There are 2 protein chains.
Amino acid sequence: MSDLPARVHIHEEGPREGFQIEPGPISTEDKVRFIEALAGTGLREIECVSFVNPRRVPGQADAEDVARWLKRRPGVRYTCLWLNLKGLERAVASGLDLAGRLLVGASEPFTIRNAGMDLKAELGEQKRWLAKYRELGLAVEQVALFTAFGCNFAGDVTPERVVEVTRLSLENAAEAGFQVGKISLADTVGWATPRAVERVVGAVRQRWPDKAIALHLHDTRGVGLANAYAGLKLGVAHFDSSCGGLGGCPFAGHKGAAGNICTEDLVFMCEEMGIDTGVDLDRLIACAQLAEKIVGHPLPGKVMRGGGLGALRARLKAAE
Amino acid sequence: MSDLPARVHIHEEGPREGFQIEPGPISTEDKVRFIEALAGTGLREIECVSFVNPRRVPGQADAEDVARWLKRRPGVRYTCLWLNLKGLERAVASGLDLAGRLLVGASEPFTIRNAGMDLKAELGEQKRWLAKYRELGLAVEQVALFTAFGCNFAGDVTPERVVEVTRLSLENAAEAGFQVGKISLADTVGWATPRAVERVVGAVRQRWPDKAIALHLHDTRGVGLANAYAGLKLGVAHFDSSCGGLGGCPFAGHKGAAGNICTEDLVFMCEEMGIDTGVDLDRLIACAQLAEKIVGHPLPGKVMRGGGLGALRARLKAAE
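Reference entry: report on the structure contained in this document. (Residues numbered from 1 in each chain as written. Chains lettered and ligands numbered in written order. Predicted model: local features only at pLDDT ≥ 70, side-chain atom pairs only at ≥ 80, totals over all residues. Heavy atoms only, no water.)

On to the overall build of chain A. Along chain A, the regular secondary structure elements total 13 helices and 10 strands. Relative to the compact-globule value of 20 Å for 320 residues, chain A shows a C-alpha radius of gyration of 19 Å, a close match. In terms of overall dimensions, chain A has C-alpha extents of about 65 × 45 × 40 Å along its principal axes. Long-range contacts, defined here as pairs at least 24 residues apart, represent 75% of the contacts in chain A between residues at least 6 apart. (Helix = DSSP H or I, 4+ residues; strand = E, 2+ residues; numbered from the N terminus. Rg over C-alpha atoms; globule rule 2.2 N^0.38 Å. Contact = heavy atoms within 4.5 Å.)

Below, the structure written as C-alpha cells:
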C-alpha cells in the first residue's frame, strides 16, 4: 500500500545539540529535568551530553554531573557523544549507554578545519577507536558521516565520495572484526535537498542493501522535513532529531547554522502518515515548551505552537 | 531523468497574507516598498492586498492606497483578493490585475463559521460572481478550494469531498460559459501531510488530467515544504508562498495558525533540485529581511538566515 516504513526509530538529540550552543548557561538541574521529561514521551534513545573539551564547548562542562544526576527509566537508552579517545574514556566512566560509532567526514576540508585531520588521519583515528571498542567489548553500531551532502568549505559532496568514505570506514571496522549494521548520513550544515537525499541514500543503499540507513538532518534552510520525507519514501527508518528544534552546530562556520529537524514536527508528520514512532505527541510538545522555558527564547518548532491533531479529532468525534 | 517539473510558477502571497495579520499598523509606504522590492526579484505574480471589510481586517483598510501608490514593473502581475462582490467592485476600481477565481470551501463547517454560508449558498454566490466576471469580460483562472485537507471544525477532508466540491464549481463555471484551467487546493489550517497531498492531488488529477493544480500550503505544523515536495513529485508546478514566511489566517480559529510556506525556502529547494523558479534568491532574501524590519519581529523563514548556496559555490569555485 505504501513505500513508507511502518515504524521509525528516533534518536533524540535535543539535550546534546541544544544545550551546547546556547549562549547563556543552562543549569545541570534543567538539563536533567528535560532529559527525564523526554524519557517519559516514549522516545527510546536520548543523546544526553557530549564529552568534549569544556574550553571549546563550555555548555557541556557538566556532562558528568548530568549523567550522575539522571534518574533513568527502563527501556530508554541514554547515549552520549565523544569525538576522541579522551571523550570516550569519560563516556565509559559516566555510566551512560555507549553506542559505538565510527565517525568520518565526507568532506575532507571540513574535518581538516574542525578536527585538524585529513581523511587518512581520520581513518587512523578510527583504528585507535576500534581497538578501544574491542577492549571495552563494545559493538560498533554505526558508521556516521559528517557533511554527507555538502559543506561550506568543499561545496557539494558527491554520492561517490560518500560511498568511498563509507567503504573505507566499513573496511576498517571489518579488519578489526566488527560488522556494522547502520550507516548514518549527516547533513551537518544544511546542504541537502530531497533530491540530494534520494541520490546519496540511493547510492549507499545500492552498495549496501542490507544495512540500515539513518539520517541526521539540520534544518538550516527550511527543507529538513522535506529531506526527511524523501528519506522515508526510500524506506529510511532511523532519524536523529531535536525536541523543539533545539540546537545547531557551533563549529559549522556558519552563523545561520540551525538545529536538527524538530522531533515533534517529525513525529507529527510520521504519525499522520500512519508511521508508528512510539512517541506520545502531546507529551513531546510539553517537553518542547519546557525546553523553550529553559533556554529563555523561542524555539523553531512549529507543532509546539500549532498543536497536534489528535486532541482535535477526539473532540470532533465526541461532538458527533 | 526526474519526475519533478522543469519550472514552477510562484504566486507571492506575502504582502496580503502577511500584513493583514500583524498586530501593529504597517504603513502604506512600507507595504508599497515591500511589493516593489518583491517585483524586482523575478517573481511574476504578487498578491498585494485584500479588498475585505476594514472593520474585520483593519490591516487591509489602505488597500486602495497601496494599489494607487504602487509603481508597477512590466511583466509582473499585481493581484488582489476579494471574498464577495463588494470586494470585487473595489478590486476593479483599484486598477490592480484581476485574476478571476471561484472560491469554495471543501469543509462546510469552516465556511459556515467564517462566511456564514453552507455549500449550497457558496455555489449560489459563485453564480453571482460568474455573472459579474462575464459582465467584466474577466476569465475564470482557477477554482480555489479552502480547507482541502482538513479543518478544525470538520476534521479530515476526504479526496472524494474535494473532487465533489471541485466538480460542482467547475459545472457552475461551465454553465456560465467558462472553462477553468486550474484547481487550487489550500491547506488553510495546516492539516496536510505529504501523503494527504498525494491522495488529494492524485484524486483531482485523475479526475481532471488536463487541468493545472496549484497548492496553497500553510506551515502550521512544520511540514509545509515536505508537502510542497510531495506536490512537486506529482508534477505540481504552481505554488502560493509568502516571503519570509509572513502571514497567517486571522479566521482560522487557531492561535497557532502559521503563514504560508516561505517563498525563499521554496525557491531554494526548487533551484537546488534543478527546478527553475525565475527568481533571484539573494534579492528575495533581501526582501525577507526588509519584511522583518517592517513587521519588527523575527519571521519564520530559514534561508533568510542560513543564506543561499550560490554565493558559497561561486566563492569556492573562484578559490580553486
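Now for the relation of the copies chain A and chain B. Expressed as a screw transformation, the operator carrying chain A onto chain B has a rotation angle of 180° and an axial translation of 0.0 Å, and the superposed copies differ by an RMSD of 0.0 Å. Considering both components of the superposition, the chain copies are consistent with a two-fold axis. Judged by C-alpha distance, A:Ala226 is the residue of chain A that lies nearest the rotation axis, at 1.8 Å. (Least-squares fit on C-alpha atoms with pLDDT ≥ 70 in both.)

Next up on the list: the packing of helix H4 (residues 85–94) of chain A against helix H6 (residues 119–136) of chain A. Residues and elements named next belong to chain A. Put simply, H4 and H6 touch, their axes get as near as 11 Å, and they point 20° apart. Comparing their axes, H6 and H4 come out roughly parallel. Crossing handedness for the pair H4 and H6: right-handed. Counted together, Leu85, Leu88, Glu89 and Val92 of H4 and Glu125, Arg128, Trp129, Lys132, Tyr133 and Leu136 of H6 form the full contact between these two elements. Along the lines of polarity and charge, the residues of the contact of H4 with H6 split into 6 nonpolar, no polar and 4 charged. (Axes fitted to C-alpha atoms, helices over the stretch in contact; angles between N-to-C directions. Parallel < 35°, antiparallel > 145°, perpendicular 65-115°, else oblique. Left-handed = near helix turned anticlockwise from the far one by under 90°. Nonpolar A, V, L, I, M, F, W, Y, C, P; charged D, E, K, R; others polar.)

Attention now goes to the sheet that holds strand E2 (residues 45–51) of chain B. All names here are of chain B. Read from one edge to the other, the open sheet built from 8 strands follows the order E3-E2-E1-E10-E9-E8-E5-E4, with strand pairing classed as parallel. Looking at strand neighbours, the two that pair on one side only are strand E3 (77–82) and strand E4 (100–105), the edges of this open sheet. Adjacent strand axes in the sheet meet at a mean angle of 25° when their direction is disregarded. Where strand E8 (residues 182–187) meets strand E9 (residues 212–217), 6 bridges bridge the pair, whose relative direction is parallel. Residue pairing for E9: Leu185 is matched across the bridge by Leu215. (Pairing = 2+ DSSP bridges.)

With that settled, consider the sheet that holds strand E5 (residues 140–146) of chain A. Residues and elements named next belong to chain A. The strand order across the open sheet formed by 8 strands is E3-E2-E1-E10-E9-E8-E5-E4, and the pairing between neighbours is parallel. Bordering the open sheet on either side are strand E3 (77–82) and strand E4 (100–105), each of which pairs with just one other strand. Geometrically, the sheet is characterised by an average inter-axis angle of 25° between neighbouring strands, direction not taken into account. Sitting on the sheet, helix H10 (residues 263–272) is in contact with strand E1 (9–12) and strand E10 (238–241), with an inclination near 170° to E1.

Counting residues at the interface gives 43 residues for chain A and 43 residues for chain B. In total, chain A and chain B occlude about 3400 Å² of area from one another, counting both sides; carbon and sulfur atoms represent 63% of this. Summed over the shared surface of chain A and chain B, the result is 6 salt bridges. Looking at the side of chain A that touches chain B, the elements with two or more residues in it are strand E7 (155–156), helix H8 (194–207), helix H9 (224–233), H10, helix H12 (303–306) and helix H13 (310–319) of chain A. For the side of chain A that touches chain B, the element with the highest residue contribution is H9(A), accounting for 5 residues. Its residues assigned to classes, the side of chain A that touches chain B comprises 19 nonpolar, 12 polar and 12 charged. (Buried area = accessible area lost by both parts, 1.4 Å probe. Salt bridge = Lys/Arg side-chain N within 4 Å of Asp/Glu carboxyl O.)

This next bit is on empty space enclosed by the protein. The method is simple in principle: a probe with the dimensions of a water molecule rolls over the atoms, and the space it marks as empty is what remains. The tally for this structure, following the rule as stated, stands at 3 cavities of 30 Å³ or more. Quantified by volume, the largest cavity comes out at close to 330 Å³. A:Asp219, A:Lys302, B:Asp219, B:Gly222 and B:Lys302 are the residues nearest the centre of the largest cavity, which is lined by 26 residues in total. Within the residue set of the lining of the largest cavity, elements represented by two or more residues are H9 of chain A together with helix H9 (224–233) of chain B. Partitioned by chemical class, the residues of the lining of the largest cavity number 8 nonpolar, 12 polar and 6 charged. Its volume calculated, the second largest cavity comes out at about 40 Å³. In terms of lining, the second largest cavity is formed by B:Pro15, B:Phe19, B:Lys31, B:Ile35, B:Cys48, B:Val49, B:Gln60, B:Asp62, B:Ala63 and B:Val66. Looking at the lining of the second largest cavity, the elements with two or more residues in it are helix H1 (14–21), helix H2 (28–39), E2 and helix H3 (63–69) of chain B. For the lining of the second largest cavity, the class distribution of residues is 7 nonpolar, 1 polar and 2 charged. (1 Å grid on protein atoms, 1.4 Å probe; cavity = no way out; pocket = protein on both sides within 12 Å on 5 of 7 lines; lining within 4 Å. Points joined across faces, edges and corners; volume = space filled by probe spheres on them.)

All right, on to the side chain of B:Lys132 then. Structurally, B:Lys132 is set in helix H6 (residues 119–136). With sequence-adjacent residues up to four places away left out, B:Lys132 is seen in contact with B:Leu85, B:Leu88 and B:Glu89.

Moving on: the nonpolar core. A:Leu185 and B:Leu185 are the most contacted members of the largest nonpolar core, which totals 205 residues. When residues of this core are sorted by domain, at least three fall in each of domain 1 (1–98 + 242–320) and domain 2 (102–222) of chain B. (Core = buried A, V, L, I, M, F, W, Y, C linked by side-chain atoms within 4.5 Å. Buried < 20%, exposed > 50% of the residue type's maximum accessible area, 1.4 Å probe, protein only. Domains from an automatic or database assignment.)

What follows covers the pattern of salt bridges. Side chains that carry opposite charge are capable of pairing whenever their charged atoms lie near each other. Summed over all chains, the structure comprises 47 salt bridges over all chains. With a closest N to O distance of 2.5 Å, A:Asp276 and A:Arg7 form a salt bridge. Of the two residues, A:Asp276 is situated in the loop between H10 and helix H11 (281–295) and A:Arg7 in the segment before E1; the sequence distance between them amounts to 269 residues. A salt bridge links B:Glu47 to B:Arg101; the shortest N-O distance between them is 2.5 Å. Here the residue B:Glu47 occupies a position in strand E2, and B:Arg101 occupies one in strand E4, the gap between them amounting to 54 residues. We note that B:Glu47, like B:Arg101, is buried. Linked by salt bridges that have partners in common, A:Glu13, A:Arg16, A:Glu17, A:Glu47 and A:Arg101 make up one network.

Now for the pairing of E9(B). Residue and element names in this part refer to chain B. Most of E9 sits inside the fold, with 5 of its 6 residues counted as buried. Pairing between E9 and strand E10 (residues 238–241): 3 bridges, direction parallel. By the bridge assignment, Leu215 is partnered in E10 with Phe239. Note on the crossover from E9 through H9 to E10: the handedness is right-handed. (Right-handed = clockwise from strand over helix to strand, strands pointing away.)

Residues and elements named next belong to chain A. Considering the arrangement of structural elements, one finds Thr263 in helix H10. Residue class for Thr263 comes out buried when judged on its relative accessible area of 0%. Once residues within four sequence positions are removed from consideration, Thr263 is found in contact with Ile10, Glu12, Leu43, Ser241, Ser242, Cys243 and Leu284.

The next point concerns the packing of aromatic side chains. Enumeration according to the criterion identifies 9 aromatic pairs over all chains in this entry. Ring centres of A:Trp129 and A:Tyr133 lie 6.3 Å apart, and the angle between their planes is 75°; on these two criteria the pair is classed as edge-to-face. Of the two residues, A:Trp129 and A:Tyr133 both sit in helix H6, 4 residues apart, roughly one turn of that helix. Neither residue differs from the other here; A:Trp129 and A:Tyr133 are each classed as buried. Among the aromatic residues, those joined into a cluster by ring pairs are A:Trp82, A:Trp129 and A:Tyr133. For the cation-ring pair, B:Arg134 lies above B:Phe178, with the distance from its terminal atom to the ring centre recorded as 4.7 Å. (Phe/Tyr/Trp six-rings, centres within 6.5 Å; stacked < 30°, edge-to-face > 60°. Lys NZ or Arg CZ within 6 Å of the ring centre and 35° of its normal.)

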